[in-house]
Amino acid sequence: KDGRWYLIDEQGKKASDDTYEDIKLDLYGCYLQSGVIIAKENGRYRLYDENFKQKGDFSCDDIDICIGGGPIAFRQGEKWGYADLDGNIVAQPAFASAKSFSNGFAAVQSEQGLWGFVDDTFTLVIDYAYLDAHYFSGEETCMVSTTKNAYQILHFMFE
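In what follows, the accompanying structure is described.

Scoring rules and cut-offs
Residues numbered from 1 in each chain as written. Predicted model: local features only at pLDDT ≥ 70, side-chain atom pairs only at ≥ 80, totals over all residues. Heavy atoms only, no water. Helix = DSSP H or I, 4+ residues; strand = E, 2+ residues; numbered from the N terminus. Rg over C-alpha atoms; globule rule 2.2 N^0.38 Å. Buried < 20%, exposed > 50% of the residue type's maximum accessible area, 1.4 Å probe, protein only. Contact = heavy atoms within 4.5 Å. Areas by Shrake-Rupley, 256 points an atom, 1.4 Å probe, with all protein chains shown as cover. Lys, Arg positive; Asp, Glu negative; His and termini not counted. Charge placed at Lys NZ, Arg CZ, Asp CG, Glu CD. Pairing = 2+ DSSP bridges. Salt bridge = Lys/Arg side-chain N within 4 Å of Asp/Glu carboxyl O. 1 Å grid on protein atoms, 1.4 Å probe; cavity = no way out; pocket = protein on both sides within 12 Å on 5 of 7 lines; lining within 4 Å. Points joined across faces, edges and corners; volume = space filled by probe spheres on them. Nonpolar A, V, L, I, M, F, W, Y, C, P; charged D, E, K, R; others polar.

As a further point, take the overall build of the protein. Counting its regular elements, the protein contains 0 helices and 15 strands. For a compact globule of 159 residues, the expected C-alpha radius of gyration is about 15 Å, and the protein comes in at 17 Å, within 12% of that figure. For the protein, the spread of C-alpha atoms along the three principal axes comes to 50 × 30 × 30 Å. The burial tally for the protein puts 41% of its 159 residues in the buried class. For the protein, the proportion of contacts with a sequence separation of at least 24, taken over those separated by at least 6, is 23%. Put simply, the protein shows about 8,900 Å² of open surface, and 47% of that area lies on carbon and sulfur atoms. Across the protein, the 14 positively charged side chains and the 26 negatively charged ones have centroids separated by 9 Å.

What follows covers unusual backbone geometry. You will see that Asn103, though not glycine, has its phi angle at about 55 degrees, which is positive. The phi dihedral of Phe122 is positive, around 65 degrees, even though this residue is not glycine. As for its position among the elements, Phe122 is in the loop between β11 (115-118) and β12 (124-130). With relative accessibility at 24%, the residue Phe122 sits in the partly exposed group.

Another point: the sheet that holds strand β10 (residues 106-109). With respect to topology, 4 strands assemble into an open sheet ordered β9-β10-β11-β12, the strand pairing being antiparallel. With partners counted over all chains shown, the strands left at the sheet margins are β9 (97-98) and β12, one partner each. Where β10 meets β11, 4 bridges bridge the pair, whose relative direction is antiparallel. Bridge pairing in β11 links Gln109 to Trp115.

Bringing the pattern of salt bridges into the picture now. Applying the stated criterion across every chain, the model contains 7 salt bridges. Across the pair Glu41 and Arg4 runs a salt bridge, and its minimum N-O distance is 2.8 Å. Of this pair, Glu41 sits in strand β3 (residues 36-41) while Arg4 sits in the segment before β1 (22-23), and the two are 37 residues apart along the sequence. Arg4 gets classed as partly exposed once you look at its relative accessible area, which sits at 26%. By sharing partners, the salt bridges in this structure join Arg44, Asp61 and Arg75 into a single network.

With that out of the way, let us pick up the layout of surface pockets. Considering only enclosed or pocket space, the largest pocket measures out at about 210 Å³ in volume. Lining the largest pocket, in full, are Asp26, Leu27, Tyr28, Leu32, Gln33, Ser34, Cys66, Ile67, Gly68, Asn103, Tyr135 and Phe136. Listing elements by their share of the lining of the largest pocket, those giving two or more residues are β2 (32-33) and β13 (132-136). Of the residues assigned to the lining of the largest pocket, the class counts are 7 nonpolar, 4 polar and 1 charged.

Read these as geometric descriptors, not functional statements.
See the structure below:
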């Protein structure tokens, strides 16, 4: 309401006096993602627990959603890095863009604008070859784009 986000109860009444500039919703429209709420206040995104108590002193300019409890991609300045669910930085911002980890992998973008994938050690395991990339499913599949306005689901096989 009026450009602010807040929680409502089952009857649609405001459940708290706290409001936020933005609250990130996951792929299913839920605000609680693996026990974390991602909300923006005073121009900065922060991590909160399920009671909206801020977790640590982490804040960032922009942030992706949380997928399955893996590290969350965040932007500080012009670069993207990763933080865990407690707000600890686990990979300093170094990518042109990034998506959060899903099923052990995360899409990252090179300075040339192509997407590849890193594993949980932040090692590039799938080269920068895609115009766009999404999140990994549990079956080691991921939707990627190799040509403009066309997507395909690829199955990657890892040793």
